[in-house]
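# An overview of the molecular structure
The lines below spell out each chain.
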Amino acid sequence: MKQTTAILFFLSACMLFSSCQQKQQYYTLTGQLHTPYVVKYEYKRPLTNEINAEFQHFYHLFNAFDSTSVISRINRNEDLSVKDTLFARLFNTAKHVSEQTDGAYDITSAPIINLWGFGFSKKDSVTPGHIDSVKAFVGYQKIHLVDGEIKKDDPRLQLNASSLADGTVCDMIARMLEEKGIQNFMIDFGGEVVAKGVNPKGECWRIGITKPIDDASGATQDIQEIVTLCGRHALATSGNYRNFYIKDGKKYAHTVDPREGCPVQRDVLGATVIAPKGMVADAYATACMVLGSEGARKLKELAPEIEYYLICSDSTSTNYRIEYSEGFGKYLPATSNMSHGTIQ
């Protein structure tokens, strides 16, 4: 009897120890790569190594500054085969958004952006002839993915995934977490977010949209709006909050339209898009910047799966106005007039 009791006690102790070992808790991983990131998730152990492996895979695929990356080898025409299904999904997403926007969004537009320089530093030296020469090897219609291989109409065409890359890495980490059965997480990579479930307080995740304030340093991070994400959603924000100018008493964002090959005056200073996937939200947010508010409304008709929130320049002053799609309203709290806030 004593032996039986001892065995039962031992088994109970083992079960209790195992239960303690499996207890779920929230972990937070923060860092800085080409942009700051925060990953919060509820799990039984830290996943630092697994998350870092996703970052490494991401850079191996899409880092245009790494000569050994997949995208760099494609740009040099050294290896045009696309063996990674994630790369194919990114390419096909970019092509789809390009078609819907008639080229206002274009994954091959890097040469035009480089022509004008960072912050339009080279604008005084750019001529119509320069623009025409660069546009000759820019255009989503001139590059294709056929049977797992990139085909270029002009070998000078190059891909740049920066316009949807941050949303893509959020998707990658989210997929890894979901494969482990994780139901509650939030990934923020440079302001692009994929969230699921609830935060450590048991509430919907709360994401801040910053105000477009004249502050080139970026030190001022006043919050224009708080977005609440319940369920499983991706959110991306594109904007020139720290890089706009005033002309004739009106604010304009520094935005290059790939179709025209030059900066354009649009009324959108910042665009936030909610979509099922991070790469999709990222691409559409970039497109809204080029299209302006009127174009964004038309784009919503073509892409009903997205919702948008726009901070636009006011037509009569240097102030700004807010415009958002009808469906975006459900992500806004009833009392949302907040001046400060943080991601939770």
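Above this text is the structure in question.
Residues numbered from 1 in each chain as written. Predicted model: local features only at pLDDT ≥ 70, side-chain atom pairs only at ≥ 80, totals over all residues. Heavy atoms only, no water.

### Describing the overall build of the protein
Stated formally: Secondary structure is summarised from DSSP: a helix means a run of H or I of at least four residues, a strand means a run of E of at least two, and numbering begins at the N terminus for each. Exposure categories follow from relative accessible area, calculated using a 1.4 Å probe and restricted to protein chains: below 20% of the type maximum is buried, above 50% is exposed, and the middle band is partly exposed. What makes two residues a contact is simply this: any of their non-hydrogen atoms within 4.5 Å. Each accessible area is a Shrake-Rupley estimate made with a 1.4 Å probe; only the visible protein chains count as cover when residues are assessed.
Within the protein, the secondary structure is distributed over eight helices and 16 strands. Out of the 344 residues belonging to the protein, those deemed buried represent 49%. Restricting the contact set of the protein to residue pairs at least 6 apart, pairs at least 24 apart contribute 60%. Carbon and sulfur atoms make up 53% of the accessible area of the protein, which totals about 16,700 Å².

### Remarks on the layout of surface pockets
Operational definition: Every definition here rests on a 1 Å grid over the protein atoms only: cavities are sets of points where a 1.4 Å probe fits but cannot get out, pockets are open sets enclosed by protein on both sides within 12 Å along at least five of seven lines, and lining residues have some atom within 4 Å of a point. Grid points are joined across faces, edges and corners, and a volume is the space filled by probe spheres set on the points. For this scheme, ten residues count as nonpolar: Ala, Val, Leu, Ile, Met, Phe, Trp, Tyr, Cys and Pro. Four count as charged, namely Asp, Glu, Lys and Arg, and the remainder, Gly too, count as polar.
Reported here for the second largest pocket is a volume of approximately 180 Å³. As for the second largest pocket, its lining consists of Leu86, Arg89, Thr93, Asp171, Met172, Arg175, Glu178, Arg232, Lys277, Met279 and Val280. At the level of secondary structure, the elements contributing two or more residues to the lining of the second largest pocket comprise α4 (85-100), α7 (162-179) and α8 (278-302). The element contributing the most residues to the lining of the second largest pocket is α7, with four residues. Looking at the lining of the second largest pocket, its residues break down into four nonpolar, one polar and six charged.

### A word on the sheet that holds strand β9 (residues 232-239)
Rules: Pairing between two strands is assigned when DSSP locates at least 2 bridges connecting them. Helix axes use the C-alpha atoms of the stretch in contact, all axes being lines fitted to C-alpha atoms, and the angles between their N-to-C directions lie in the range 0 to 180 degrees.
On the basis of which strands lie adjacent, the open sheet formed by eight strands has the order β1-β2-β5-β6-β9-β14-β15-β16 and antiparallel pairing. The two strands at the open ends of the sheet, each matched to only one other strand, are β1 (25-32) and β16 (320-324). Ignoring strand direction, the axes of neighbouring strands in this sheet form an average angle of 10 degrees. For strand β6 (residues 192-196) and β9, the ladder comprises four bridges, and the chain directions are antiparallel. By the bridge assignment for β9, Ala195 is matched with His233. Helix α2 (residues 48-62) rests against β1, β2 (36-43) and β5 (185-189) of the sheet, and its axis sits at about 140 degrees to β2. Along the sheet face, α8 touches β6, β9, β14 (268-275), β15 (307-313) and β16 and points at about 125 degrees away from the line of β14.

### Brief notes about the environment of Pro36
Mapping Pro36 onto the fold places it in strand β2. According to the relative accessible area criterion, Pro36 is partly exposed, its value standing at 47%. Placed 153 residues apart in sequence, Pro36 and Phe189 show a C-alpha to C-alpha distance of 6.3 Å. Non-local contacts of Pro36, meaning those with residues more than four positions away in its chain, are made with Gly31, Asp188, Phe189 and Gly190.

### A word on the nonpolar core
What counts, and what does not: Take the buried Ala, Val, Leu, Ile, Met, Phe, Trp, Tyr and Cys residues and link them wherever side-chain atoms come within 4.5 Å; each set so joined is a nonpolar core.
Counting 67 residues, the largest nonpolar core has Tyr41, Ile51 and Leu177 as its most contacted members. Ranked by the residues each element gives to this core, the list is headed by α8, at 11 residues. Ala195, Trp205, Val227 and Phe328 belong to the second-largest nonpolar core, a separate cluster that totals 15 residues.

### Focus on the state of the cysteines
Selection rule: Counting rule for disulfides: a pair of cysteine sulfur atoms within 2.5 Å.
One pass over the structure, following the stated rule, counts one disulfide. Paired by a disulfide, Cys204 and Cys230 hold their sulfur atoms 1.5 Å apart. Since a negative S-S torsion denotes a left-handed disulfide, the Cys204-Cys230 link at about 95 degrees is right-handed. Here the residue Cys204 occupies a position in the loop between β6 and β7 (205-210), and Cys230 occupies one in the loop between β8 (223-229) and β9, the gap between them amounting to 26 residues. According to the relative accessible area criterion, Cys204 is partly exposed, its value standing at 25%. Cys312 supplies the cysteine sulfur nearest to Cys288, a cysteine that is in no disulfide, at a spacing of 9.7 Å.

### What about the packing of aromatic side chains?
Formally: Classification of ring pairs rests on two measures: the distance between centres of Phe, Tyr or Trp rings, Trp counted by its six-membered ring, which must be within 6.5 Å, and the angle between planes, read as stacked under 30 degrees, edge-to-face over 60 and tilted in between.
Under the counting rule described, the total for this entry stands at 12 aromatic pairs. On the basis of an interplanar angle of 25 degrees and a centroid distance of 5.8 Å, the ring pair of Tyr27 and Tyr41 is categorised as stacked. Of this pair, Tyr27 sits in strand β1 while Tyr41 sits in strand β2; the two residues are 14 residues apart in sequence, bridging distant segments of the chain. What makes Tyr27 buried here is its relative accessible area of 17%. On the basis of relative accessibility, which here comes to 1%, the residue Tyr41 falls in the buried class. Geometrically, the ring pair formed by Tyr37 and Phe55 is tilted, given 4.6 Å between the ring centres and 50 degrees between the ring planes. In this pair, Tyr37 is assigned in strand β2 and Phe55 in helix α2, connecting sequence segments 18 residues apart. Looking at Phe55, the relative accessible area reads 4%, which means it is buried.

### A few points about the side chain of Lys95
Test applied: Residues scored as charged are limited to Lys and Arg (positive) and Asp and Glu (negative), so that His and the chain ends carry no count. Every case where a carboxyl oxygen of Asp or Glu lies within 4 Å of a side-chain nitrogen of Lys or Arg is listed as a salt bridge. Between N or O atoms, a polar contact is any pair within 3.5 Å; within protein, one atom must be a potential hydrogen donor and the other a potential acceptor, and residues adjacent in sequence are included only when both atoms are from side chains.
Residue position: Lys95 is located in helix α4. It is Glu99 that comes nearest to the buried, bridge-free Lys95 among opposite-charge side chains, at 5.0 Å. Polar side-chain contacts of Lys95 include one of 2.8 Å to the backbone oxygen of Ile143.

### Side note on the environment of Glu149
Relative to the assigned elements, Glu149 resides in strand β4 (residues 149-152). Overall, the relative accessible area of 32% leaves Glu149 in the partly exposed class. Note: C-alpha distance between Glu149 and Lys83 (66 residues apart in sequence) is 8.3 Å. If we ignore the near neighbours within four places in the chain, the residues touching Glu149 are Leu80, Ser81, Val82 and His144.

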